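A structural walkthrough
What follows is each chain in one-letter form.
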Amino acid sequence: MESVSDRHSRALLTGYFLGLGAIMAVWGARMPAVQQAAHLSTAGLALVLLAAAVGMVAGLQLGGRYARPARLPTLLSTGALALAGCLVLVGQGESLSALLAAALAFGLAHGVLDVAANTAAVRCQTAFGRPIMSGLHAAYSLGALAGAALAALTSHAAHSTLFTATGAILAGLAIAAVPVTRSLSGADRPAMGADAGKPPLVPSPGKLWLLAALAAASLLGEGAAADWAAVHLHTLGAPTAASATAFALYSAAMAAGRLTGDRLTAAFGAPTVVRAGAVLATAGLTIGVIGSSTPLALAGWAVFGLGLSTTVPSLITAAGAGGAKAAVATVTATGYLGLLAGPALIGALASATALSTALLLPALLAAAVAALAHRALENTTP
């Protein structure tokens, strides 16, 4: 049974996930303004995104190395402060070299904070003895929605002003949360229940790597939405406010799907829910890209987010059946490869062809998820 301390830890982690989602949405929604301020080509913007991806890989490795219970509070606080500060630096960048350096640091801080928050969330979930990860990931989506909405509402303000204000607010909140954050290291006691002591039901190696591949395919779509949705709308001639709204709609739809995903999965089973959602995501993004109009594009990104909302939580749940944390780590780490490499890959494809053509890649990968969902998710839960 959870204690008051456990509930406080969950509330605090919800705040961290909200903040992480908000800062990433502000970053992604104002990419067109960053691109214009530094006079970047599509290839130049892809390099900036690649620098952020390289930084995040390093941050994930660094955070994973030090993400022990006693060090989690420090990783959370310093990661949040560093990420907020790096957002300010990105806002001040007016050349490719300056943006590359700022994006690299931003990605490094993002990786450290992300692995610390998820490790703390796993420990908090163990203390609760029941699933809470879906709710925390829904908090990330709600934070992203809030951040994208803020970017849309302030579209007439300079992006440097928005980045500075957002960074300052989130840094202040992180500092205020330090006393509570220090208590998180105790939320790692083993759950007590009827299944305690039983060996974990680990998926076979083949199924584990299939789960990992589908996670990468799904998170590539999430990375595409975060970094290219606003740019996509901008290329269609949409005003800045409408461009920033694209990721807000995506995030709202994903949050709604995650908030209802547990009930749908209980009623119909994970394979059916994931497969239906992936089909929906494929259709939504394909129509949004081929339609070449602002309303269809906005609707397409929203449907894409709704369709993908339950995929990653279901894949991680299947990998961790019975408490197999090593399997969860494999699926999560491989999934991040898609999240990190996807935006840069789309940028490279867009440079060689066109952005509308490149954005068909996440739609095709969603179709692959739909085709393989049943095979990946059947018989993987206790």
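Residues numbered from 1 in each chain as written. Predicted model: local features only at pLDDT ≥ 70, side-chain atom pairs only at ≥ 80, totals over all residues. Heavy atoms only, no water.

**Notes on the packing of aromatic side chains**
Each aromatic ring pair is specified by the distance between its two centres and by the angle formed by the two planes. The criterion, for reference: Classification of ring pairs rests on two measures: the distance between centres of Phe, Tyr or Trp rings, Trp counted by its six-membered ring, which must be within 6.5 Å, and the angle between planes, read as stacked under 30 degrees, edge-to-face over 60 and tilted in between. Starting at the N terminus, helices and strands are each numbered in turn, a helix being any DSSP run of H or I of at least four residues and a strand any DSSP run of E of at least two. Using a 1.4 Å probe on the protein chains alone, a residue whose accessible area is under 20% of its type maximum counts as buried, one over 50% counts as exposed, and one in between counts as partly exposed.
All chains considered together, the criterion is met by 4 aromatic pairs. A centroid spacing of 5.9 Å and a plane angle of 80 degrees characterise the contact between tryptophan 301 and phenylalanine 304, whose relative ring orientation is edge-to-face. Linking tryptophan 301 with phenylalanine 304, this pair stays in helix α12 (residues 294-308), spanning 3 residues, or about one helical turn. Accessibility classification places tryptophan 301 together with phenylalanine 304 in one group, the buried group. Members of the aromatic cluster, joined through ring pairs, are Phe247, Tyr250, Trp301 and Phe304.

**As for helix α10 (residues 240-268)**
Convention followed: To estimate the expected span of a helix, count its residues, drop one, and scale the result by 1.5 Å. One fitted axis covers the seven residues ending at a residue, a second covers the seven starting there, and the bend at that residue is the angle between these axes.
Helix length check: α10 (29 residues) gives 40 Å between terminal C-alpha atoms against 42 Å at 1.5 Å per residue, within 8%. The largest bend in α10 comes to about 50 degrees, at glycine 261. Phi for glycine 269, located one or two positions after α10, is positive at around 95 degrees.

**Some words on the nonpolar core**
Worth spelling out the cut-off: Take the buried residues of types Ala, Val, Leu, Ile, Met, Phe, Trp, Tyr and Cys, join any two whose side-chain atoms come within 4.5 Å, and each joined set is a nonpolar core. Only heavy atoms enter the contact rule, under which two residues are in contact if any of them lie within 4.5 Å.
If you look at the biggest cluster of nonpolar residues, it comprises 88 residues, and the most contacted ones within it are Trp27, Leu76 and Trp301. In terms of residues, this core owes the most to one element, helix α5 (residues 96-128), which gives 13 residues. Sequence-distant contacts of tryptophan 301, that is, excluding residues within four places in its chain, are made with Ala224, Ala225, Ala229, His232, Leu233, Ala246, Tyr250, Leu285 and Leu359. By size, the runner-up hydrophobic cluster in this structure holds 19 residues, among which are Leu210, Ala212, Ala270 and Ala370.

**Digging into the packing of helix α4 (residues 72-92) against helix α7 (residues 159-176)**
To keep it simple, the criterion reads: Inter-axis angles, ranging from 0 to 180 degrees, are taken between N-to-C directions of lines fitted to C-alpha atoms, where helices are fitted over the stretch in contact. Should an angle fall under 35 degrees it is taken as roughly parallel, and over 145 as roughly antiparallel, whereas 65 to 115 is taken as roughly perpendicular and any remaining angle as oblique. We call Asp, Glu, Lys and Arg charged. Ala, Val, Leu, Ile, Met, Phe, Trp, Tyr, Cys and Pro are nonpolar, and the rest, Gly among them, are polar.
Relative to each other, α4 and α7 sit at 170 degrees, their axes nearing to 8 Å. Relative to α7, α4 is oriented roughly antiparallel. Contacts from Ala80, Leu81, Ala84, Leu87, Val88, Val90, Gly91 and Gln92 of α4 reach α7 at His159, Ser160, Phe163, Thr164, Thr166, Gly167, Ala171, Ala174 and Ile175. Looking at the contact of α4 with α7 residue by residue, the classes come out as 10 nonpolar, 7 polar and no charged.

**What about a nonpolar patch on the surface?**
Where we set the bar: Here, patches come from residues exposed beyond 30% relative accessible area and free of salt bridges, joined within 9 Å for like charges and within 5 Å for nonpolar side chains (Val, Leu, Ile, Met, Phe, Trp, Tyr). Note on areas: these come from Shrake-Rupley sampling with a 1.4 Å probe, and a residue is covered only by the protein chains present in the view. A pair is scored as a salt bridge if a Lys or Arg side-chain nitrogen falls within 4 Å of a carboxyl oxygen belonging to Asp or Glu.
Where nonpolar side chains cluster on the molecular surface, the patch consists of Leu47, Leu50, Val54, Leu96 and Leu104 and spans about 390 Å² of accessible area. It is helix α3 (residues 42-66) that contributes the most residues to the nonpolar patch, 3 residues altogether. Along the chain, the position of leucine 96 falls in helix α5. Its relative accessible area of 32% is what places leucine 96 among the partly exposed residues.

**Topic: the pattern of salt bridges**
Should the charged atoms of two oppositely charged side chains come close, the side chains can pair. Counting across every chain of the model gives 1 salt bridge. One salt bridge connects arginine 258 with glutamate 222, and the closest N-O pair in it is separated by 3.9 Å. With arginine 258 in helix α10 and glutamate 222 in helix α9 (residues 205-235), this residue pair connects regions lying 36 residues apart in the sequence. Judged by relative accessible area, arginine 258 falls into the buried class, the value being 5%. Since its relative accessible area comes to 13%, glutamate 222 is described here as buried.

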